[in-house]
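# Descriptive structure summary
Residues per chain are reported as follows:
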Amino acid sequence: MYTLYYMPGACSMAIHVVLNELGQQVTLENVGGDKRPEAFLKINPRGNVPTLVDDGHTIREGGAIIVYLNDKHKGALLPASGFERAAALEWLMFCNATLHPAYGRAFFAMKALKGEEQKNILSLSVSNINKLWQDVEQRLGSSEYLAGNTLTAGDILLTVIANWSAHFPDIKIGENTKRLLREVIARPAYQKALQAEKVEYKVAA
Ligand SMILES: N[C@@H](CCC(=O)N[C@@H](CS)C(=O)NCC(=O)O)C(=O)O
């Protein structure tokens, strides 16, 4: 039995959707809010999500959790080997290690900075994010999904991250990308996660 420590709509939502896609039961622990619960900090002193506990074992880092779950349940969200697996991992890591931190810088500017400094750092962060979305848009002009012609875990994480754009009006997401976002959010596994976390999806219209 899995326990997922999450914050509504955060990157942990990708793990939630993956668990649903794999047909796994999960106990959800919402650790959002001003202060992390002490019991959660004992499990993960970094205090960030996603944190997954599987049969008493704690696993952190979203990319690692997704690979672990998919391999364990022999899911289709990551191909088993070869170039197909490499492409799926490449796009998963792009979302996890490039796109996610780019939004992290924009959130930092929004929350921690003020005045001119905030304006400058926010503008630089958003322009970097827009370049990344242009790259995704180009890829999805010639490929149905990020990693080729089947849905993989990167498509799910991309969809979760895209919704953070609702906080930044200058972020531009293209039509090819919106087509993918609409398809991913329409999946029962995604809808179930949105409902359970009480999150509204705002950016794919
Ligand atoms: N590299 C980590 C990043 C995790 C991360 O930054 N999570 C954010 C939510 S999207 C978080 O927990 N932020 C609150 C905090 O760090 O206290 C991963 O992929 O798991």
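For the structure, see preceding data.
Being a predicted model, the structure only gives us computed values, none of them experimental.

With that out of the way, let us pick up the site of the ligand. Lining the immediate environment of the ligand, one finds M7, A10, C11, G47, N48, V49, P50, E61, G62 and N96. Taken together, the residues of the shell around the ligand sort by class into five nonpolar, four polar and one charged.

Next up on the list: helix α3 (residues 62-72). Those residues of α3 that fall on the buried side of the exposure criterion are G62, I65, I66, L69 and N70. For α3, the arc enclosing every buried residue in end-on projection is 120°, short of the 170-degree limit, so these residues lie on one face. Summarising the geometry of α3, the exposed residues directed more than 90 degrees from the buried face are D71 and K72. Turning to α3, the residues buried within the fold contact α1 (12-21), β3 (51-54), β4 (57-60), α4 (82-112) and α6 (153-162). Just past α3, the residue K74 takes up positive phi, approximately 50°.

The next subject is the environment of E116. Looking at where E116 falls in the secondary structure, it is placed in helix α5 (residues 115-142). Along the primary structure E116 and S127 are separated by eleven residues, whereas in three dimensions their C-alpha atoms are 16 Å apart.

Now for the sheet that holds strand β1 (residues 2-6). Ordered in space as β2-β1-β3-β4, the four strands form an open sheet in which the pairing is mixed. This sheet does not close on itself; its edge strands, each paired only once, are β2 (26-30) and β4. On average, adjacent strands in this sheet sit at an angle of 20° to one another, irrespective of strand direction. Looking at chain direction, β1 and β3 are connected through four bridges and run antiparallel. By the bridge assignment, T3 is partnered in β3 with V53. Sitting on the sheet, α1 is in contact with β1, β2 and β3, with an inclination near 150° to β1.

For the rest of this paragraph, the subject is the environment of C11. Looking at where C11 falls in the secondary structure, it is placed in the loop between β1 and α1. By C-beta crowding, C11 is classed as buried, having 22 other C-beta atoms within 10 Å. Along the chain, C11 and Q25 lie 14 residues apart, while their C-alpha atoms are 19 Å from each other. Sequence-distant contacts of C11, that is, excluding residues within four places in its chain, are made with P50, G62, H100 and V160.

For the rest of this paragraph, the subject is α1. In terms of burial, α1 is largely enclosed, as ten of its ten residues are buried. Looking only at α1, the buried set comprises S12, M13, A14, I15, H16, V17, V18, L19, N20 and E21. Lining the buried residues of α1 we find β1, β2, β3, α3, α6 and α8 (188-197). Looking one or two places after α1, you find G23, whose phi comes out positive at around 70°.

What counts as what
Residues numbered from 1 in each chain as written. Predicted model: local features only at pLDDT ≥ 70, side-chain atom pairs only at ≥ 80, totals over all residues. Near = placed C-beta within 6 Å. Nonpolar A, V, L, I, M, F, W, Y, C, P; charged D, E, K, R; others polar. Buried ≥ 20, exposed ≤ 12 C-beta atoms within 10 Å, placed from the backbone. Helix = DSSP H or I, 4+ residues; strand = E, 2+ residues; numbered from the N terminus. Arc of directions from axis to C-beta. Contact = placed C-beta atoms within 7 Å. Pairing = 2+ DSSP bridges. Axes fitted to C-alpha atoms, helices over the stretch in contact; angles between N-to-C directions.

Structural measurements only, silent on function.
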